[in-house]
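Observations on chain architecture
If you want the building blocks of each chain, they are given just below.
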Amino acid sequence: MTGSSGRIGRSRAKLLPAMGWQLRGFDQQPASGPIEQVAGDITDPRALDRAMAGVRAVVHLAGQSTEAPWPVIREANIEGCYQVFEAARRAGVRRVVYASSNHAVGFTPRQQGGASSPAADTPALAADPPPLAADTPVRPDTLYGVSKAFGEALGRYYVDRYDMQVACLRIGTFDDAPPDARAMATWLSPQDCARLVDACLRTDRLGFALVWGVSANRDRWWSLDAGHALGYQPLDDASLRRSDPADAVKAQDAPERVGGGFTDPSFGIDEVLQRTREESR
Ligand code: 15L
């Protein structure tokens, strides 16, 4: 598991062993904890070769996880992602679970038909627009989103060219609890994230799959069908977990596009660069 010391990685290191997985973590700065760890950088082929010896599957979480200047994105999410897939191929690892993001399709209206309504992959009124399918075409909202789309394309390539099996998780908002109105739709709980990775590792029907990384939120905009097809059964629901009951904001009040705030004009790369400069002063 690359990125084993990151936010999602640390949580996986706790939850996946309880589901029967023996994990080897890989990170620049491995955290001390319950799993075996190898120190290294995802752009270093030799370090990756050491880490992948004898493993059956790769869970690739490492990388830049929000918008950043291009050299940062390029190094971590383009070069690093390529080196991870390539090392997996060299090592004969057949399966990769790749942490993509909703920001690969961030400029897509958040639900076909625009308006929000209860998810239509559960019983719903005929007039409800269908939830957005997991294989909705790429429409990145940031350079970060572009890099996630690159990883998905790379995954597709390794499936077709080298007969590998790849799941790309278009992750929504991974957090202990839904942090805001948008997350009422986009939240992925740590436990459901583990259930999703577990399903992707176990299924014998993988091939290439795009899957929303989202919990069973009552107000979700995105379809769980692709996840269900792989055996993913989420159990958490943001509507039952909103930490502040006085806050009655609904997912309907969130921005109209999948990527939420990442689609705002203030999230363009010039604005992000400006903020990065100000923060480093
Ligand atoms: C992501 O891909 C980011 O890594 C995370 O920081 C959040 O912005 C999340 O998406 C989201 O869309 O809520």
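What this report covers is the structure whose coordinates are included nearby. Keep in mind the model is a prediction, meaning the values are calculated, not measured.

The rules we used
- Residues numbered from 1 in each chain as written.
- Predicted model: local features only at pLDDT ≥ 70, side-chain atom pairs only at ≥ 80, totals over all residues.
- Heavy atoms only, no water.
- Helix = DSSP H or I, 4+ residues; strand = E, 2+ residues; numbered from the N terminus.
- Near = heavy atom within 4 Å.
- Polar contact = N/O pair within 3.5 Å; in protein donor to acceptor, adjacent residues only side chain to side chain.
- Areas by Shrake-Rupley, 256 points an atom, 1.4 Å probe, with all protein chains shown as cover.
- Nonpolar A, V, L, I, M, F, W, Y, C, P; charged D, E, K, R; others polar.
- Axes fitted to C-alpha atoms, helices over the stretch in contact; angles between N-to-C directions.
- Parallel < 35°, antiparallel > 145°, perpendicular 65-115°, else oblique.
- Contact = heavy atoms within 4.5 Å.
- Buried < 20%, exposed > 50% of the residue type's maximum accessible area, 1.4 Å probe, protein only.
- Salt bridge = Lys/Arg side-chain N within 4 Å of Asp/Glu carboxyl O.
- Pairing = 2+ DSSP bridges.

**Focus: unusual backbone geometry**
If you check the backbone angles, Asp163 has positive phi at about 60° while not being a glycine. Mapped onto the elements of the fold, Asp163 is located in the loop between helix H4 (143-162) and strand E5 (165-171).

**So, the site of the ligand**
By nearness alone, every residue bordering the ligand is listed as Ser65, Ser101, Asn102, His103, Tyr144, Gly172, Thr173, Arg182 and Phe262. Here Thr173 contributes a side-chain N or O atom positioned 2.6 Å from an oxygen atom of the ligand. When the ligand is considered free in solution it has 320 Å² of accessible area, and contact with the protein chains removes 76% of it. The residue inventory of the shell around the ligand, partitioned by class, reads 2 nonpolar, 6 polar and 1 charged.

**So, the packing of helix H1 (residues 7-18) against helix H6 (residues 190-202)**
Packed helices, taken two at a time, are described by their axes: the angle between them and the distance between them. In the contact formed by H1 and H6, the axes pass within 10 Å of each other and the chain directions differ by 70°. Comparing the axis directions of H1 and H6 gives the class roughly perpendicular. Note on element contacts: H6 touches H1 through Pro190, Gln191, Cys193, Ala194, Val197 and Asp198, opposite Ile8, Ser11, Arg12, Leu15 and Leu16. Its residues assigned to classes, the contact of H1 with H6 shows 7 nonpolar, 2 polar and 2 charged.

**Quick notes on the side chain of Ser223**
Tracing the chain through its elements places Ser223 in the loop between strand E8 (208-213) and helix H7 (225-229). Ser223 gets classed as buried once you look at its relative accessible area, which sits at 8%. Polar contacts involving the side chain of Ser223 include one to the main-chain amide nitrogen of Asp225, which spans 3.0 Å.

**Considering the pattern of salt bridges**
Under the defined criterion, the tally for this structure stands at 12 salt bridges. For Arg156, the salt bridge identified is with Asp160, shortest N-O distance 3.1 Å. Of this pair, Arg156 and Asp160 are both found in helix H4, 4 residues apart, which corresponds to roughly one turn of the helix. Looking at Arg156, the relative accessible area reads 36%, which means it is partly exposed. Given a relative accessible area of 55%, Asp160 falls into the exposed group. What you see here is one network of salt bridges that share partners, running through Asp192, Arg195 and Asp236.

**What to know about the sheet that holds strand E3 (residues 57-60)**
As summarised here, the arrangement of the 4 strands in space is E3-E4-E5-E8, forming an open sheet in which the pairing is parallel. Where the open sheet ends on each side, the last strands, each with one partner, are E3 and E8. Sheet twist, expressed as the average angle between the axes of neighbouring strands with direction ignored, equals 20°. Examined bridge by bridge, E5 and E8 share 6 bridges and lie parallel to one another.

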